[in-house]
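One-letter residues, chain by chain:
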Amino acid sequence: MMLTQDARRGRWPHRAWAVAAVAFVAIIGAAGFRATPGVLITPLETEFGWSRGTISSAVSVNLTLYGLTAPFAAALMDRLGMRRVVASALLLVALGSGLTVFMTSSWQLILCWGVLVGLGTGSMALVFVATVTDRWFVRHRGIVTGVLTAGGATGQLVFLPVLAWLAGGPGWRTAAVVVAVAALAVVPLVWLLLRDRPEDVGLTALGAEPVSDPPVPMAPVAAPRGGAAVRAISVLRSAARTRSFWYLAGGFAICGASTNGLVGTHFIPAAHDHGMAETTAAGLLALIGIFDIAGTIFSGWLSDRVDSRVLLGAYYALRGASLLVLPPLFAATAQPSMLVFIIFYGLDWVATVPPTVALCRKLFGKDGGVVFGWVFASHQIGAAVAAVAAGLTRDHLGHYDAAWYGAGALCALAAVMSLRIARKADPAPPSAAVPEGIAAAGR
């Protein structure tokens, strides 16, 4: 029996919350799978004799594909549905992680962990968050974006200490198998419970205006001839004509360089260089995840109430300041000063995501999800460059100090770019006009 709109908005929990819960689980897994290379650098270096620059190149490929997959995944979700895309992505992660136990050469690391896991996790990246919130939520959109984004931090929190213990005890192969099994375990949950749109189950988005007739299932978005890839490229061409897109993309590239690329990849080996046990360093990185949960959810709440440009400027400035004071804090044990850094930096880790998603939605309307995919691609390109650059810096200088200071300076530049983003959308050509209802929802 079809529930009335009042029942759906009243005492009955809206189906949107179940969809968000499944998305949260998948995002937790994607974050944990993506963060795993950070605990494998030293074991692989020890067993195979590969340099950190060589291992970092595999991480760089992973980060690049993690980002470049995003806009195409967003377009595929419009064409094929979220459920098919996310389930396929989990299978790719399981394949890539499982095959690493048989590798003997560095090119195999690049293929398995770089290409396969990069493509899989990229399809469950933050564009998945943007797609879920755009389709299923009108009310609470900002805070749900914050909670789902915080799922990435939760993935770090759950996986990193366990994987560090496995890599240091039973061995890195055991850690890789655990990732593969965990990815496979999420597939049935996604397939059974995730739904692509509210209309598929006779509902409207949470907080949408009531309708007199039951919603009908929507057909997939019609893609231009050539499919989802053509749509993704076409959206990029349109967005690239605006300065705001380049400010968003440039700032987010620096965001990736100063988080996933540098801290996410090299914090554990950098701490190990100063005599700290890898399990302790992994615990500190996971602690960043704990505080990031609070920071990102609060950022989502703020993005519904405060100018997102101002939020981004403040976040980047504070992150840059924290990175500039980091190098002297490394020691063989976790000193109070390092714990202060972990708390401060953790609150800002991915707090940039909710205001960035909000700006893409506001400035680019119905194409906001795909545009965010391209902005996120720049995030991962920045992360990939930083991962390799920091590894080479360590190989040549024997320490990471230059990498930390360089990232801090870049964050100051990102703060300036964020404040120069337009307050409202540029006039769109007729073919890219934004429906009034969608534009209103993004404000």
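The rules we used
- Residues numbered from 1 in each chain as written.
- Predicted model: local features only at pLDDT ≥ 70, side-chain atom pairs only at ≥ 80, totals over all residues.
- Heavy atoms only, no water.
- Salt bridge = Lys/Arg side-chain N within 4 Å of Asp/Glu carboxyl O.
- Helix = DSSP H or I, 4+ residues; strand = E, 2+ residues; numbered from the N terminus.
- Buried < 20%, exposed > 50% of the residue type's maximum accessible area, 1.4 Å probe, protein only.
- pLDDT = per-residue confidence, 0-100.
- Contact = heavy atoms within 4.5 Å.
- Axes fitted to C-alpha atoms, helices over the stretch in contact; angles between N-to-C directions.
- Parallel < 35°, antiparallel > 145°, perpendicular 65-115°, else oblique.
- Left-handed = near helix turned anticlockwise from the far one by under 90°.
- Nonpolar A, V, L, I, M, F, W, Y, C, P; charged D, E, K, R; others polar.

### Observations concerning the pattern of salt bridges
On inspection of all chains with the given rule, the structure shows seven salt bridges. Residues Asp273 and Arg394 are paired through a salt bridge, measuring 2.7 Å at the closest nitrogen-oxygen approach. Taken as a pair, Asp273 in helix α11 (residues 243-273) and Arg394 in helix α16 (residues 368-397) lie far apart in primary sequence, 121 residues in all. The partly exposed category is assigned to Asp273, whose relative accessible area is 31%. The network of salt bridges with shared partners includes Arg231, Lys366 and Asp367.

### A short note on the confidence of the model for the protein
Low pLDDT means the predicted coordinates in that region are not meant to be read closely. Looking at the protein as a whole, the pLDDT averages 82, with 88% of positions reaching at least 70. Low confidence marks residues 1-11, where pLDDT is under 50. Its contacts with residues over four positions away, or in another chain, come to 15 contacts. Contacts for the low-pLDDT stretch residues 428-443, under 50 throughout, to residues beyond four places or in other chains number 14 contacts.

### Digging into the packing of helix α4 (residues 52-80) against helix α6 (residues 106-122)
Direction vectors running N to C along α4 and α6 enclose 25°, while the axes themselves pass 7 Å from each other. It follows from the interaxial angle that α4 and α6 lie roughly parallel. Pair α4 / α6 crosses with right-handed handedness. Between α4 and α6, the contacting residues are Thr54, Ile55, Ser57, Ala58, Val61, Asn62, Leu65, Tyr66, Thr69, Ala70 and Ala73 on the first element and Ser106, Leu109, Ile110, Trp113, Gly114, Val115, Val117, Gly118, Leu119, Thr121 and Gly122 on the second. Grouping the amino acids of the contact of α4 with α6 by side-chain chemistry returns 13 nonpolar, nine polar and no charged.

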